Amino acid sequence: MMAKVTLRNLAAHKIRLVLTAIAVILGVAFVAGTLIFTDTMNKQFDDLFDRVGKGVAVDVRAKKLTDDPMDEGLSAQPVPASVLERLRSVPGVKNPTGNVTGYAAVVGSNGKIVGTGQNGPPQLGVNWTPGGDYDMQEGRAPTGPTEVAIDAKTAEKGKLKIGDTARIVVQGPPQRLKVVGLIDTGNLMGATVTAFDTATAQKLMLKPGYFNDIQMATSGPSETELQAAVAKVLPANLEAITGTQLRDDAKSDVATMMNFFRTFLLVFALISIFVGGFIIFNTFSMLVAQRTRELALLRAIGAARPQVTRAVIGEAIAVGFVGSTFGLLLGAGLAMLLQGFMMQDSASGLVFTPTPIIASYAVGIIVTVVSAYFPARRAAKIPPVAAMRDDVALPQRSLRIRIALGSLLTAIGAALIALGLTGGGGNPVVPVGIGVLLVFIGIAMLAPVISVPVVKVLGAPFAKLMGTPGRLAQQNALRNPRRTAATAAALMIGLALITTVNVMGASMRASVEAQVDDQFGADYVIEPTGAGGADPGAVKQVAAVPGVDKASPFYSANAKIEGKRAFYVAGDIGDLAQGVRLKMVTGSTSLGTDGMMVDEDTAKDRKWTVGTTVPVSFPDGKTQQLRLTGIYEKNQFLGPRVFAEPVYMAHTANPAIDGIVVNAQNTDASTKAAIEGAIKDHPNLEVSDQAAVKEDARKQVDGFVTFLTVLLVMSVIIAAVGVINTLALSVIERTREIGLLRAIGISRRQLRRMVRIESIVIAVFGALLGIGIGVAFGAAVQSALEDQGLTVLSVPAGTLAVFVVIAVVIGVLAALWPAWRAGRMDVLKAISTE
Amino acid sequence: MTNTAPQTADAHSAPGAADFAARAHQVAKVYGSGDARVIALDSVTVGIPRGRFTAIMGPSGSGKSTLMHCMAGLDSVDSGQVYIGDTDLTRLKDKQLTRLRRDKVGFIFQAFNLVPTLTALENITLPMDIAGRKADQQWLDSVIDTVGLRPRLKHRPSELSGGQQQRVACARALASRPEIIFADEPTGNLDSRSGAEVLNFLRESVRQMGQTIVMVTHDPSAAAYSDEVLFLTDGQIVDRMVDPTAERVLERMKGFDQPGVAAR
């Protein structure tokens, strides 16, 4: 029966239902969209990797030197061709094939590299192996040093066809090769593939006589049997893995990345849902308050407390169910949109697995029920006698308990955040995340107390300027501080996070600029885009430009020190010192052929002093004793350690120049133009001066800030729906009072203005709370990351002012419908309504 | 036939408890504290005879509603005992109290208090539905016919007149055959004709169905429908009147309005 009461209630208040459901719908749509989208991407990657290692029984490659997931560069030891010969004699080995994989980018007919820049899908170069991962679609396989095959999609994008001469950028000098074949790669999701014959591939991308790995099929034995047999003939630095493991590895790399991406998006989805929870909580609180009499009646005629609770919870379940259903549909649309935005060459449609469906309903219903639980409990506490009284108020717990509990939660939350940010070692995400959550809940609990003085101040100008409607609006916002506070709190969360991101962004920009001013001593820096390095030839070409004093290349790579991956920079430090404004603490910069320098922190950590010799392991499997010649002040451009250039050269199969530091007599436009002219054959190189370096950093930060802000906007939209909800329900609740105001002569316009001002006051209150918390969070993060280069705290006051203005706009928009409704109310009916 | 107060006061000790559907024994209830302290009930002892229509009258603030709320188990008392049948309500927990209200007590409110989203019939059967019991169809039919609502059963409260709504409320109270029905100013929101209909109906249910009804009212002509009127002033039973008429009740009430009598 109570179910009937519940359902009738829902049906009778459709608008109320819809408004509550919107909060659920938006949150669930975010979750569902994320899951459907990542499922779809996973499916496409799976399709892509189905081609990888097809028919491979055993793969021979370099052993991983450390467990570090970023070890790849460190372990990229080439496999000598002699191993291939040895493998042929192992029984069971069939068709052993050496593979070469590296960086090779195709230059389109417009002179630009086909494919995206630094962090996009890779530009792969491979040696063409018949029966390998790809099939030839048109033309023939490349043979000899002047021929190349490219994938069909890249050819189409670069407007190249068979017979054309294409420019191919590799790590060394750029090549002009004849396109003889188009490869069918299937959907590579934006990556490009370029194939050479084996000798050319080795020469261009690795080292003649070497392979990246050797794959083989089996003529009978099982994968593991063959693996054991192969392992016996391998040198110590190589290992044999089964084809199954090879395929799993390829997939797990992507799976790891996709999991990270999914988690990242889900975090933002959860923020939206958390905000939605506030709205639902508030709405149900108001519904219970408005239905006090009815619920008391049910109690009076014999409904037990749990029955009343269940009736309200039942309503929540229904709202959650309806919201989840629509959220799921909207989520599918969102996923489609995301797919359109973020993926190139997407072939297949959306993929639906049961996960998003189950997750949507679970999340939608659980969040609604949890949020409605406290109002439902309160509903059950309505005394039956309330059915007979006219002026009933729900029993309210004292604000004192709230203040105590709110302060406690805020303090615990702040402590957790501090712990997470400073704790070093462990993963900071969990304590910081829980801390932030607690701070939000704590502040939301304190908000009713804070709201009274703040709303008084915010409302004062309206009261002064607008007369009675302004004063009434201010009083209305003050009348139920809990409600005002809960509504504002929802807005607070989104704005707090957006503010945090913006404060961090501004601080990052300011820090980078300070670093560039402080440590960027070079006039120009030339850096390659994409994964390949710069051509040593380019260094000479730049050095020869009139007006250029010096052009010095630097390299970077990984080595192993004391069992851990150690990133290092190498180069002629004498030349580089000026470019990075190197400041020595002690020792000298003369590295010789076996020297290294580290920064102060590293030296202190390891207790090294000038003269210490340190054993360092390199990717070629060799270990060299390096001598510490100097210790320098922390330097953002150099990082923790610098090795002598000969050390890098000695242990690297295919040296890649990371960048070229240029000093010139003048830094005018003509010098820059001259340098750019000198490297016009290298479309992968970019010349930046100090301003451009700053600009690049700024762009990167801005992109990041914008991306996060967009993800957080969803929670602000949900909060805006919450403001609409609160206002609409208050208008309904005050029907009688509004009728009275109308009866004694307040105009519709004044009435609308009254609702609008209340809305603005609530929205601005929420925004101010959020901005306050956001600045605090941002400052906390900045101080925690000071050591890692976030040296300057910058609060973007202009942006924050814009947020307040946006809050006003949200207030005005949210009031539109409730204000219209209040104005339209029939005076007589309004008065006679109970 | 006007009796004096002391005779009512020993109602609890006189006949056997079985003759009373509900009793209050030295019930006291105080609201507020300090200057705002109001004694709503001042050691009231009273019995409601079974199978009779009893009216409780008194000026505003006399404590008549509070007495009724306490006797119906809707409100708690500060001291004393309240019985419905043999059950001492003051010893019951909320759960047992809820069950008692559900099974043994019916209510009629001044403001009708129907659930707006349910039809008339659904409102009538609501208490039994909440209890998860099936309505006695024969009894239900006779109640519906008595209140004359047969043609309006599918209507929502908003589609019914005030009198009809209150008749639905009466039917709701009667449908579960409670031991006692408490009516709080049942005609307060009705015009005199609708009010008379409802009161007639309440009287008939006592005479013909043997129902016990307690009604709080301040309207002498409503009180005239009852078998006996109890007068309450300043939280105490001050008088009772058997077989009242509107004139006599009005006459008696005038006495309370005189300053010095009401304000002790």
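Residues numbered from 1 in each chain as written. Chains lettered and ligands numbered in written order. Predicted model: local features only at pLDDT ≥ 70, side-chain atom pairs only at ≥ 80, totals over all residues.

Draft legend 1. Focus on the overall build of chain B. In terms of helices and strands, chain B carries 9 helices and 11 strands. Computed over its C-alpha atoms, the radius of gyration of chain B comes to 18 Å, within 12% of the 18 Å expected for a compact globule of 264 residues. Counting only C-alpha atoms and orienting by the principal axes, one finds that chain B spans roughly 50 × 40 × 40 Å. For chain B, buried positions account for 49% of its 264 residues. (Helix = DSSP H or I, 4+ residues; strand = E, 2+ residues; numbered from the N terminus. Rg over C-alpha atoms; globule rule 2.2 N^0.38 Å. Buried ≥ 20, exposed ≤ 12 C-beta atoms within 10 Å, placed from the backbone.)

Draft legend 2. Here's a closer look at the overall build of chain A. Looking only at helices and strands, chain A features 25 helices and 24 strands. By principal-axis analysis of the C-alpha atoms, chain A measures approximately 95 × 65 × 50 Å. Within the span of chain A, comprising 834 residues, buried residues form 47% of the whole. The contacts in chain A between residues at least 6 apart in sequence include a share of 83% that link residues at least 24 apart. (Contact = placed C-beta atoms within 7 Å.)

Draft legend 3. Looking closely at helix H13 (residues 429-466) of chain A. The end-to-end C-alpha distance of H13 of chain A is 48 Å, clearly below the 56 Å that 38 residues give at a rise of 1.5 Å each. Positive backbone phi, approximately 70 degrees, marks Gly-467 of chain A, located one or two places after H13 of chain A. (Expected span 1.5 Å × (residues − 1).)

Draft legend 4. Spatial organisation of the packing of helix H2 (residues 14-49) of chain A against helix H11 (residues 354-380) of chain A. Residue and element names in this part refer to chain A. Remark: H2 packs on H11, axes separated minimally by 9 Å, with the N-to-C direction vectors making an angle of 160 degrees. The orientation of H2 relative to H11 falls into the category roughly antiparallel. The two elements H2 and H11 meet at a crossing, and its hand is right-handed. Counting all contacts with H2, which are made through Val-24, Gly-27, Val-28, Val-31, Ala-32, Leu-35, Ile-36 and Asp-39, the residues of H11 involved are Thr-355, Pro-356, Ala-359, Ser-360, Val-363, Gly-364, Val-367 and Thr-368. (Axes fitted to C-alpha atoms, helices over the stretch in contact; angles between N-to-C directions. Parallel < 35°, antiparallel > 145°, perpendicular 65-115°, else oblique. Left-handed = near helix turned anticlockwise from the far one by under 90°.)

Draft legend 5. Expanded view of the interface of chain A and chain B. With 23 residues of chain A in contact, the opposing surface of chain B contributes 22 residues. Every element with two or more residues in the side of chain A that touches chain B is listed here: helix H1 (2-12), helix H9 (292-300) and helix H10 (305-342) of chain A. No other element matches the 6 residues that H1 of chain A contributes to the side of chain A that touches chain B. Residue classes in the side of chain A that touches chain B are distributed as 14 nonpolar, 3 polar and 6 charged. (Nonpolar A, V, L, I, M, F, W, Y, C, P; charged D, E, K, R; others polar.)

Draft legend 6. Main features of the sheet that holds strand E13 (residues 213-218) of chain A. Residue and element names in this part refer to chain A. With respect to topology, 4 strands assemble into an open sheet ordered E3-E13-E1-E14, the strand pairing being antiparallel. The open sheet is flanked by strand E3 (93-99) and strand E14 (238-242), the only strands paired with a single partner. Strand-to-strand twist in this sheet, taken as the mean axis angle between neighbours without regard to direction, amounts to 20 degrees. Sheet topology note: the strand E1 (residues 58-62)/E13 ladder contains 3 bridges and is antiparallel. Bridge pairing in E13 places Val-58 opposite Met-216. Sheet strands in contact with helix H7 (residues 223-232) are E1, E3, E13 and E14, and its direction is about 170 degrees off that of E14. Along the sheet, helix H8 (residues 243-290) makes contact with E1 and E14, crossing E14 at roughly 90 degrees. (Pairing = 2+ DSSP bridges.)

Draft legend 7. Here's a closer look at the sheet that holds strand E2 (residues 20-31) of chain B. Residues and elements named next belong to chain B. Reading across the sheet, the 4 strands line up as E3-E2-E5-E6 and stay open at both edges, with antiparallel pairing between neighbours. Every interior strand has two partners, whereas the edge strands, strand E3 (38-49) and strand E6 (87-88), have only one. Bridging between strand E5 (residues 79-84) and E6 involves 2 bridges; their strand directions are antiparallel. Residue pairing across strands places Ile-84 opposite Thr-87, the latter belonging to E6.

Draft legend 8. The arrangement of the pairing of strand E15 (residues 524-528) of chain A in detail. Residues and elements named next belong to chain A. Among the 5 residues that make up E15, 4 are buried, leaving the element largely enclosed by the rest of the structure. Summarising the sheet, E15 and strand E23 (residues 659-664) pair through 3 bridges and their orientation is antiparallel. Note that in E23 the partner of Val-525 across the bridge is Val-661.

Draft legend 9. Geometry of unusual backbone geometry. Backbone geometry places Arg-581 of chain A, a non-glycine residue, at a positive phi of 45 degrees. Within the fold, Arg-581 of chain A resides in the loop between helix H17 (573-579) and strand E18 (584-587). What makes Arg-581 of chain A partly exposed here is the crowd of 16 C-beta atoms within 10 Å. With a phi angle near 45 degrees, Glu-185 of chain B is a residue other than glycine that sits in the positive phi range. In this structure, Glu-185 of chain B sits in the loop between strand E8 (180-184) and helix H7 (192-209). Glu-185 of chain B gets classed as buried once you count the C-beta atoms within 10 Å, which come to 21.

Draft legend 10. Highlighting helix H2 (residues 64-71) of chain B. All names here are of chain B. Among the 8 residues in H2, 8 count as buried, and that is most of the element. Every buried residue belonging to H2 is among Lys-64, Ser-65, Thr-66, Leu-67, Met-68, His-69, Cys-70 and Met-71, and all of these are buried. In the segment just after H2, Gly-73 is the residue with positive phi, at about 75 degrees.

Draft legend 11. Quick look at the confidence of the model for chain B. Residues and elements named next belong to chain B. On average, residues of chain B carry a pLDDT of 83, and 90% of them reach 70 or more. The low-confidence segment residues 259-264, where pLDDT is below 50, has 8 contacts with residues more than four positions distant or belonging to other chains. Across the predicted assembly, pTM comes out at 0.76 and ipTM at 0.72. (pLDDT = per-residue confidence, 0-100.)

Draft legend 12. View of the packing of H13 of chain A against helix H15 (residues 481-519) of chain A. Residue and element names in this part refer to chain A. Between H13 and H15, the least distance of the axes is 8 Å, while the angle of their chain directions is 120 degrees. Looking at the two axes, H13 sits oblique to H15. For the crossing formed where H13 meets H15, the hand is right-handed. Touching Phe-440, Ile-443, Ala-444, Ala-447, Pro-448, Ser-451, Val-452 and Val-455 of H13 are Pro-481, Arg-482, Thr-484, Ala-485, Ala-486, Ala-488, Ala-489, Met-492 and Ile-493, all from H15. In terms of residue class, the contact of H13 with H15 is built from 14 nonpolar, 2 polar and 1 charged.

Draft legend 13. Quick look at the pairing of E2 of chain B. All names here are of chain B. Where E2 lies against E3, 8 bridges are found, and the strand directions are antiparallel. The partner of Tyr-31 across the bridge, within E3, is Val-38. Two strands pair when backbone bridges link them, and E2 and E5 are joined in this way by 5 bridges, in the antiparallel orientation. Looking at E5, one finds that Ala-22 is bridged to Ile-84.

Draft legend 14. Representation of the environment of Leu-740 of chain A within the structure. Considering the arrangement of structural elements, one finds Leu-740 of chain A in helix H22 (residues 735-743). Once the C-alpha coordinates of Leu-740 of chain A and Asp-702 of chain A are considered, the two residues, 38 residues apart in sequence, prove to be 53 Å apart.

Draft legend 15. Examining the environment of Gly-592 of chain A more closely. Within the element layout of this structure, Gly-592 of chain A appears in the loop between E18 and strand E19 (595-599). For the pair Gly-592 of chain A and Asp-572 of chain A, spaced 20 residues apart in the sequence, the C-alpha separation amounts to 9.6 Å.

Draft legend 16. Representation of the environment of Lys-550 of chain A. Along the chain, Lys-550 of chain A falls in strand E16 (residues 548-561). Residues in contact with Lys-550 of chain A, not counting those within four places in the same chain, are Asp-575 and Asn-663 of chain A.

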